[in-house]
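# Observations on the model geometry
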Amino acid sequence: MPEPPNRKHIISFILFLLCLLFLSGCSLNRSISHKNFHARVYDDFVLVETTAGDTLSSLSEKYLKSPHKGWRIAEFNHITKIIPGQKLIIPLSPLNRGGLEKYGYQTVPILVYQNFSKNRAEKMTLTENDFNAQMRYLKQNNYHVISLDRLMEFLDYESPLPKKSIVITFDDAWRSAYDIAVPILKKYGFTATFFVYTDFIGGGKALSWNNIKELSEAGFDIQCQTKTHRNLSIPQKNQSIKTYFHSLETECAYPKKLFKKMLNKDCRYLAYPYGETNNLVIAVLKKYGYLGAFTLGGESNPFFTDKFKINRSVIYGNYNMEQFKHYISVFQKIDKMPKTASKTVIENGTTFKTAYFLKKAMAYENADELQRALFYLNIASALSPKDPEISERISRLKAAIGAKSHASFIKGKTFYMQNRFNDARNQFLIALRYDPDFKPALDYLKNRLVPKAYISYIPGKGDSLKGISKKFYKDPDLDFLIAYFNNLETESKPLPGKTLELPILPWDVNPEKIDIHEEILSTKQLLKEKKYRSAIDVSNKILKIDHSNKTAVASKNQAYYYIAMEMIRNKKYFEAIDTLKKISPGYEGVDDAIQNAIQKELLNAETLLKKKQYAASIDLSEKILRYDRSNKTAKKIISVAHCRRANTLLFRKKYAEVSKALKTADPSDVCTKKLRAALELSMKKEAEAHYIRGVKLFLNEELQGAISEWEITLKLDPTHDKAKKNIRNARNILEKLKKVK
């Protein structure tokens, strides 16, 4: 009787058969059939094969319930139009409400125009040709002009916007905007918002109510810019706090009533005259039901912008196209980001197989784009619901997302406690990028990092409104403010234990009594003695009493200018620029001094580049760009420095760092092109070497070692199909061997 085969022989035989299966290239991946395929709808996405007649609008209307969301399909699939036979993925829920990306976040610029002329440009007046050229540039470069309501959905972290979204606004209600600008907007299919102050309407060069009604019916948005266009942020001369407060009520309430009467519409948003506001103004606006208000801060707006301090940028009549481009930035870089693998994204193909989506998920995971990776894994899971490997990958990825978002949040809280608010903000943004529903991070961004307009106070048993007012405002007669903002009668007593909101006033309500004439003489003497800091302190003291005192303003400007010039002589260029920016607009010599300081720092950056101090050169150039965002020389230095530094990293096979450097370098630069080609070739060669080592280990029955080598292969070349297939087959063999044992 023959001896039965021992256990070792059985294992060797199974291993031999599985090796044959592996070498034959057999794949166990599951896929869906393509026969008669048109659309498959799942809970979170739709897979569509387009047919004749499909458009972005029609697909958007069918699956996203709105014809205006076609841009979401276009951006996700990297297309501009529909071609029959395309295979598209339509996410049914927004994937990126805040416009957060790996290296920064989306911002929305808001442009402000006032007056127009056929051919004569002035500071506040654009020519017809210049405005047309600007709108043409926006159209040709695929900007999306959006309404204020869509902007607010973005600021509320509810809905994403197209990547290149922009808002166009007109101030003051000049008739020339109706005659010249509106036909140009219609030509390009753009909308806009008109902020009007009601006392101006119907004047000689102003819009009439009939003009405004016509604009409203044509789809243009009409909103408020107060009643009289006075500066809301400061009391008028000799105005008491109470009189000033009641004047704010009139400025904010009257336009709302008039809009209801003349247009049968509510005024929901307000543009601050001269862009100026304070906490009391904001409190009044909220009391009257405004949803947001706009300054002239000159910056673009991320989703965490305070809705009552939304930035706008004035486009002046003497701007050239380069200056115009400076104000339409739609992305803000985050300086400090975690080290990640290089980003490799597989573009949409022509297949809806499970393997295809697994490959895309891995590419995004390697690039640290974990939400995208999870989305594609969920698609793969829907197509192959019984595949345990996919379920396991989803669980691992969710755990990684939770860990990374929590770690960034903890870092953010630490920075917040250290009053390092910019660093804290960046960490909270990273936490939200990993997990868009991480509510604690959102709370810090939207609430705790925004300056409060109120102090919360819980009254005790014996408290009265006058007593609370005396305690906080040093004036019992301001009890009317506490009553107003807490819906109380002035003579009533607050309920013990019920929280009151006390508006923070924007100035000292009981300023010290001073002799303004004597103080002005003092500032002049201090300037002669070159005691510039003291001159500024005295000027500020005067301006607390007389907010628009021209002599005090002039003295303050002069003192800042002299301080800045001294800083430039001492080679403290950035400090000088910061000081110069404190000077009132239009002060002679300021713009030239700022440019002079920037040129000095550019020379320093170029010197560092020549000395091969690439990191220092990049840091300095990036700092220059924070002061002059369109500076071409600084951008060129950054590109060259990144490329030259990347060359040295490539020699040391630091591929992730090379890839990161290339993303910042100018893609049209010869050095960048050569380096990108060299990087790709080097990574593929090394990937192939690891792949071959894996095959050798596999044939020697060292399965775990083979898997490790192939995983390295995929990190170097995520498109390596053989390595992916081999890993899966090797893991299957290990599972079968475990069962035999």
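These lines cover the structure that appears in this document, whether it is placed above or below. (Residues numbered from 1 in each chain as written. Predicted model: local features only at pLDDT ≥ 70, side-chain atom pairs only at ≥ 80, totals over all residues. Heavy atoms only, no water.)

### Considerations on the pairing of strand E12 (residues 221–224)
The two faces of E12 match: Asp221 and Gln223 on one face and Ile222 and Cys224 on the other face are all buried. The β-α-β motif built from strand E11 (residues 193–196), the intervening helix H7 (residues 209–217) and the parallel element E12 has right-handed crossover chirality. (Buried < 20%, exposed > 50% of the residue type's maximum accessible area, 1.4 Å probe, protein only. Helix = DSSP H or I, 4+ residues; strand = E, 2+ residues; numbered from the N terminus. Right-handed = clockwise from strand over helix to strand, strands pointing away.)

### Notes on the environment of Lys439
Within the secondary structure, Lys439 sits in helix H15 (residues 439–448). For Lys439, a relative accessible area of 65% corresponds to the exposed category. Through-space distance from the C-alpha of Lys439 to that of Met362 is 27 Å; in sequence the pair is 77 residues apart.

### Considering the packing of aromatic side chains
Inspection of the entire model under this criterion finds 46 aromatic pairs. Ring centres 5.7 Å apart and planes at 45 degrees place the aromatic pair Tyr561 and Tyr587 in the tilted group. Linking Tyr561 in helix H20 (residues 550–569) with Tyr587 in the loop between helix H21 (573–580) and helix H22 (590–610), this pair joins segments that are 26 residues apart in sequence. Each member of the aromatic cluster is reached from another via a ring pair, and the members are Tyr42, Phe45, Phe76, Phe352, Tyr356, Phe357, Tyr364, Phe375 and Tyr376. Sitting above the plane of the Phe480 ring, Lys242 keeps its charged end 5.1 Å from the centroid. The aromatic ring of Tyr290 is capped on one face by Lys256, whose charged end is 4.8 Å from the ring centroid. (Phe/Tyr/Trp six-rings, centres within 6.5 Å; stacked < 30°, edge-to-face > 60°. Lys NZ or Arg CZ within 6 Å of the ring centre and 35° of its normal.)

### Section: the sheet that holds strand E1 (residues 39–41)
Strand order in the open sheet made by the three strands is E1-E2-E3, with antiparallel pairing throughout. A single partner strand is all that each edge strand has here, and the edge strands are E1 and strand E3 (87–91). The average angle at which neighbouring strand axes cross in this sheet is 15 degrees, direction not considered. Here three bridges tie E1 to strand E2 (residues 45–49), and the two strands are oriented antiparallel to one another. Residue pairing in the sheet places Ala39 in a bridge with Val48 of E2. Docked against the sheet, helix H2 (residues 56–64) engages E1, E2 and E3, running at close to 45 degrees with respect to E3. (Pairing = 2+ DSSP bridges. Axes fitted to C-alpha atoms, helices over the stretch in contact; angles between N-to-C directions. Contact = heavy atoms within 4.5 Å.)

### Section: the pairing of E3
Summarising burial for E3: five of the five residues are buried, a large majority. Side chains Lys87, Ile89 and Pro91 of E3 all project onto a buried face; the interleaved residues Leu88 and Ile90 project onto the opposite face, where all are buried too. Where E2 meets E3, five bridges bridge the pair, whose relative direction is antiparallel. Looking across to E3, one finds that Val48 is bridged to Leu88.

### Examining the pattern of salt bridges
Under the counting rule described, the total for this entry stands at 26 salt bridges. In this structure, Lys256 engages Asp266 in a salt bridge whose closest nitrogen and oxygen atoms are separated by 2.9 Å. Taken together, the residues span a long stretch of sequence, with Lys256 in helix H8 (residues 241–263) and Asp266 in the loop between H8 and strand E13 (269–271) at a distance of 10 residues. Two residues, Asp443 and Arg448, come together in a salt bridge whose shortest N-O distance is 3.1 Å. Taking the relative accessible area as the measure of exposure, Arg448 reaches 45% and is therefore partly exposed. Connected through shared salt-bridge partners, Asp368, Lys404 and Arg433 make up one network. (Salt bridge = Lys/Arg side-chain N within 4 Å of Asp/Glu carboxyl O.)

### Looking at the state of the cysteines
Across all of its chains, the model carries one disulfide by this definition. One disulfide in the model links Cys224 with Cys267; its S-S distance is 2.0 Å. Placement of Cys224 in strand E12 and of Cys267 in the loop between H8 and E13 is noted, with a sequence separation of 43 residues between them. Neither residue differs from the other here; Cys224 and Cys267 are each classed as buried. The closest cysteine sulfur to the non-disulfide-bonded Cys252 is located on Cys224, 9.1 Å from its own sulfur. Look at Cys252 and you get buried, because its relative accessible area is 0%. (Disulfide = S-S within 2.5 Å.)

### Overview of the side chain of Ser117
Mapped onto the elements of the fold, Ser117 is located in strand E7 (residues 115–117). A relative accessible area of 19% means that Ser117 is categorised as buried. A polar contact is formed between the side chain of Ser117 and the backbone nitrogen of Arg120, at a distance of 3.1 Å. Every residue in contact with Ser117, bar those within four places of it in the chain, is listed here: Thr125, Leu126, Thr127, Glu128 and Ile180. (Polar contact = N/O pair within 3.5 Å; in protein donor to acceptor, adjacent residues only side chain to side chain.)

### Brief notes about the sheet that holds strand E4 (residues 100–101)
The strand order across the open sheet built from three strands is E4-E5-E16, with neighbouring strands paired in antiparallel fashion. This sheet does not close on itself; its edge strands, each paired only once, are E4 and strand E16 (331–333). Inspection of the sheet shows strand E5 (residues 104–106) paired to E16 by three bridges, in the antiparallel sense. Its bridge partner lying in E16, Gly104 is registered against Lys333.

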